Amino acid sequence: QVQLVESGGGLVQAGGSLRLSCAASGSIFSISSMGWYRQAPGKQRELVAAITSGGSTNYADSVKGRFTISRDNAKNTVYLQMNSLKPEDTAVYYCNLRWQVVAYWGQGTQVTVSS
C-alpha cells in the first residue's frame, strides 16, 4: 500500500511562487510515474504536470514555462515548483502515483492565488 502526503499549499498573491511537495511511502516510488493534478470548484480534475520514472516530463499548456515538476528518488518525493502564479491556478492540487495498472492519490492541498 502506498500513501501520498502533499504539503506546501497556501495563499499567495498573483505573480508569486509556491512549491508543493508530495512524499510517498512504500518501495515503488522510484519505478513509478508521478503526476500533479488540480481541481477547481465546479471543474473536472485536470493534469498539471507529470514525470516518468526516467525523468521525462510533460505539462499542461496552461502552466508551461511557469511550473516545473521534479523528483528526488532518494527522498521518495515529487515536487511542483509554481512560479508566476495566476488567480486561475487556484485549485486543490493532488499528487498521483501510477505503477503498472495501479494508481494512488494524495488527499490534496489547497492553492489560492489572489488578484
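Residues numbered from 1 in each chain as written. Predicted model: local features only at pLDDT ≥ 70, side-chain atom pairs only at ≥ 80, totals over all residues. Heavy atoms only, no water.

Points about the overall build of the protein
Scanning the protein for helices and strands turns up zero helices and 11 strands. Each helix and strand of the protein, ordered N terminal to C terminal, gives the series β-β-β-β-β-β-β-β-β-β-β. Overall, the protein is about 40 × 25 × 20 Å in size when its C-alpha atoms are taken along their principal axes. Buried positions account for 43% of the 115 residues belonging to the protein. Counting every atom, the protein has about 6000 Å² of accessible surface; 47% of that belongs to carbon and sulfur. Side chains of the protein give 10 positive and 6 negative charges; the mean places of these two sets differ by 3 Å. (Helix = DSSP H or I, 4+ residues; strand = E, 2+ residues; numbered from the N terminus. Buried < 20%, exposed > 50% of the residue type's maximum accessible area, 1.4 Å probe, protein only. Areas by Shrake-Rupley, 256 points an atom, 1.4 Å probe, with all protein chains shown as cover. Lys, Arg positive; Asp, Glu negative; His and termini not counted. Charge placed at Lys NZ, Arg CZ, Asp CG, Glu CD.)

A short note on the sheet that holds strand β3 (residues 18-24)
An order of β1-β3-β8-β7 is seen for the four strands of this open sheet, with the pairing classed as antiparallel. With partners counted over all chains shown, the strands left at the sheet margins are β1 (4-7) and β7 (67-72), one partner each. Averaged over all neighbouring strand pairs, the angle between strand axes comes to 15°, with direction disregarded. Note that β1 and β3 share four bridges and pair antiparallel. Looking across to β3, one finds that L4 is bridged to A24. (Pairing = 2+ DSSP bridges. Axes fitted to C-alpha atoms, helices over the stretch in contact; angles between N-to-C directions.)

Re the packing of aromatic side chains
This structure, assessed with the given rule, holds one aromatic pair. Consider the rings of Y37 and W105, whose centres lie 4.9 Å apart with planes at 65°: the pair is edge-to-face. Separated by 68 residues along the polypeptide, Y37 in strand β4 (residues 33-39) and W105 in strand β10 (residues 102-105) bring together distant segments of the chain. Using a relative accessible area of 19% as the deciding quantity, one classes Y37 as buried. Overall, W105 belongs to the partly exposed group, its relative accessible area being 39%. Here the basic side chain of R45 rests over the ring of Y94, its NZ or CZ set 3.7 Å away from the ring centre. (Phe/Tyr/Trp six-rings, centres within 6.5 Å; stacked < 30°, edge-to-face > 60°. Lys NZ or Arg CZ within 6 Å of the ring centre and 35° of its normal.)

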